Amino acid sequence: MKLGARIFKTGIAIILSLLVAQQLNSPSPVFAGIAAIFAVQPSIYRSYLSIIEQIQGNIIGAIMAVLFVLLLGNHVVIIGLAAIIVITINLKLRLENTIALSLVTLIAIMETPGEEFINFAFIRFSTIMIGVFSAFIVNLVFLPPKYENRLYLKISSTTEEILKWIRMSSRHASENHLLKNDIEKIKDTLVRLDQLYLFYKEERNYLKKQNLVKSRKLVIYRQMITTTKRALETLKQLNRYENELLQLSEDFQLQLQEQLDCLIHHHEQLLLRFIGKTKIQTGSTEYGGNVCLNKKGLFQLFIVQERSEENEAVLFHTMQVIAAIMDYGEHVEHLETLINSFQSYHKDDNEVNIEESKPEL
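Quick caveat, the model's predicted, so the values are computed rather than measured. (Residues numbered from 1 in each chain as written. Predicted model: local features only at pLDDT ≥ 70, side-chain atom pairs only at ≥ 80, totals over all residues. Heavy atoms only, no water.)

**Observations concerning the overall build of the chain**
Scanning the chain from terminus to terminus reveals 13 helices and two strands. Within the chain, the fraction of its 361 residues that count as buried is 46%. Counted over contacts in the chain with a minimum sequence separation of 6, partners at least 24 positions apart contribute 80%. Of the roughly 19400 Å² that the chain leaves accessible, carbon and sulfur atoms contribute 58%. (Helix = DSSP H or I, 4+ residues; strand = E, 2+ residues; numbered from the N terminus. Buried < 20%, exposed > 50% of the residue type's maximum accessible area, 1.4 Å probe, protein only. Contact = heavy atoms within 4.5 Å. Areas by Shrake-Rupley, 256 points an atom, 1.4 Å probe, with all protein chains shown as cover.)

**Quick notes on the nonpolar core**
One finds Leu151, Ile166, Tyr221, Met224 and Phe274 to be the most contacted residues of the largest nonpolar core, which totals 50 residues. Breaking this core down by element, the ones donating at least two residues are helix H7 (147–170), helix H8 (176–202), helix H9 (208–240), helix H11 (250–274) and helix H13 (312–344). Formed by 36 residues, the second largest nonpolar core is a distinct cluster that contains Ala62, Met64, Ala121 and Ile128. (Core = buried A, V, L, I, M, F, W, Y, C linked by side-chain atoms within 4.5 Å.)

**Details of the pattern of salt bridges**
This structure, assessed with the given rule, holds 11 salt bridges. When the shortest N-O distance is used, the salt bridge between Arg167 and Glu268 registers 2.9 Å. Of this pair, Arg167 sits in helix H7 while Glu268 sits in helix H11, placing them 101 residues apart in sequence. Taking relative accessible area as the criterion, Arg167 reaches 25% and is therefore assigned partly exposed. According to the relative accessible area criterion, Glu268 is partly exposed, its value standing at 23%. Here Lys187 and Glu184 are joined by a salt bridge, their closest N and O atoms 3.4 Å apart. Residue Lys187 and its partner Glu184 are both found in helix H8; the two are separated by three residues, about one turn of the helix. On the basis of relative accessibility, which here comes to 44%, the residue Glu184 falls in the partly exposed class. Three or more residues joined by partner-sharing salt bridges are found here, namely Asp194, Arg222 and Lys229. (Salt bridge = Lys/Arg side-chain N within 4 Å of Asp/Glu carboxyl O.)

**A look at unusual backbone geometry**
Although it is not a glycine, Asn25 adopts a positive phi angle of roughly 60 degrees. Locating Asn25 in the fold gives a position in the loop between helix H1 (5–23) and helix H2 (30–39). By relative accessible area, which is 66% here, Asn25 ends up exposed. Here the phi dihedral of His172 falls at roughly 55 degrees; this positive angle occurs in a residue that is not glycine. Tracing the chain through its elements places His172 in the loop between H7 and H8. Exposure remark for His172: the relative accessible area of 25% places this residue in the partly exposed category.

What follows is the structure, encoded as structure tokens:
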């Protein structure tokens, strides 16, 4: 099991909130620790949004608690009714993320009202807000996330896994059950990739110059993810129609294999070029001594096969494989265009520094 930054931040936020609450002689510092748990967020921007929402949610919970106790008392049935109303109000105000903490505030205030109920309610509310602000401070100061680094490394490792399977599938050397299991895992990884991309997009820069560079990077990273998804679709088609491809001529299978090798090599080189690990090469058309076909050449290769193949079902399924490869190739070409443009525009400002480490989510 790997301990991530958010786990450490949660622990630090709990410690800080409890210490502050104890220093202020709060009668129930535990509520500050509970609030800190809910308020820790994966990014600074989300932490900012969270603290605004948490303040609103806690105010709702505190006001409803005071009103219900003053008007109806604190019977367990009354507390349950107040909780229903608090949940409804949060949903109406689109504060779904604050429901849990609003209910903590509600119950904390309504559980033991005494003669000085208003003062007691204010102390409980303030204690909970100590936890919220402690989590916000921890998000700002401790272990700032490097989402660009994590995003690139995750894209790179996921793409590498897909391309490895494409190489084996084009040679009919893959184990079908292992490949199917891996495809499902890759699908889940792509969902987390989209989440990482969103976290990186939400990160805020303080300089206008940095915002311009980041906006260009965002376009490239989005295209990287899209291209990886197209590579996965190509892999799925190769796996689905493996039997049909085996019925084609050996010469056609060999040429298809060579073109796939060329395409995935190009894709790999683009990922390395983006971080400056390979020299800039525009429009590379050779790999392993073989000329890489463009979309027209690949289509003509299929047309030649069509003239000699009598089985229409095999041709129809082969056409789907060729279409997936061509679509994948178009996205690789577009990625190359974006990277070339990025690296030729203000070169000194567009350096990409990626630390070599295992990606984590």
